Amino acid sequence: MQEKQMVKINSCNVTQCAYNKHNSCHTLAITVGGPGDLCPECDTFMQGSQRGGIIDVQGGIGACKVENCSYNQSLECTAPAVDVGMHESHPDCFTYKPK
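In the annotation of an unreviewed UniProt entry, the protein is listed under the name DUF1540 domain-containing protein and assigned to Geomonas anaerohicana.

A. Up close: empty space enclosed by the protein. This model, assessed by the stated rule, comprises two cavities of 30 Å³ or more. Its volume calculated, the largest cavity comes out at about 100 Å³. Along the walls of the largest cavity sit 13 residues, with Cys12, Cys17, Cys25, Ile30 and Cys42 positioned nearest its centre. Its residues placed into classes, the lining of the largest cavity shows 11 nonpolar, two polar and no charged.

B. Fine view of the UniProt feature "domain: DUF1540" (unreviewed entry) in the protein. In the numbering adopted here, UniProt assigns the feature "domain: DUF1540" (unreviewed entry) to residues 12–45 and 64–95. The span residues 64–95 shows a helical share of 0% and a strand share of 47%, and its end C-alpha atoms are spaced 12 Å apart.

C. Focus on the state of the cysteines. This model, assessed by the stated rule, comprises zero disulfides. As a non-bridged cysteine, cysteine 17 has cysteine 12 as the owner of its nearest cysteine sulfur, 6.2 Å distant. We note that cysteine 42 lacks a disulfide partner, and the nearest cysteine sulfur, in cysteine 17, lies 6.3 Å from it. Judged by its relative accessible area of 12%, cysteine 42 falls in the buried class.

D. Quick peek at the sheet that holds strand E1 (residues 9–12). The three strands are arranged E1-E8-E9 in an open sheet whose pairing can be described as mixed. Each edge of the open sheet carries a strand with a single partner, namely E1 and strand E9 (90–93). The sheet shows a mean angle of 25 degrees between the axes of neighbouring strands, taken without regard to direction. Pairing analysis gives three bridges linking E1 to strand E8 (residues 82–87), with the strands arranged parallel. Across the sheet, the residue bridging to cysteine 12 is valine 84, located in E8.

Parameters at a glance
Residues numbered from 1 in each chain as written. Predicted model: local features only at pLDDT ≥ 70, side-chain atom pairs only at ≥ 80, totals over all residues. Heavy atoms only, no water. 1 Å grid on protein atoms, 1.4 Å probe; cavity = no way out; pocket = protein on both sides within 12 Å on 5 of 7 lines; lining within 4 Å. Points joined across faces, edges and corners; volume = space filled by probe spheres on them. Nonpolar A, V, L, I, M, F, W, Y, C, P; charged D, E, K, R; others polar. UniProt positions renumbered as here; feature names shortened; annotations may be inferred. Helix = DSSP H or I, 4+ residues; strand = E, 2+ residues; numbered from the N terminus. Disulfide = S-S within 2.5 Å. Buried < 20%, exposed > 50% of the residue type's maximum accessible area, 1.4 Å probe, protein only. Pairing = 2+ DSSP bridges. Axes fitted to C-alpha atoms, helices over the stretch in contact; angles between N-to-C directions.

Pasting the structure below:
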């Protein structure tokens, strides 16, 4: 059985997120959206004065709950990499592609 590699977050321009440093996500993994969400939101987004994450880690997609994304297979992301950015007042997966 081949081990699945976690899809990496190529870039994140949500600089106010506690896990963001130099436009990169530094948490182990994020969760994207939910079945009823209108947008593919980054559910791991945290805003505040406390900074988090691990500087040597490039974040990845731990789970994707966006049912109508063509990259979602069994709640796993299959995109080559993803970009996260602000959409209106919340962070979204910009790699989202509807089925």
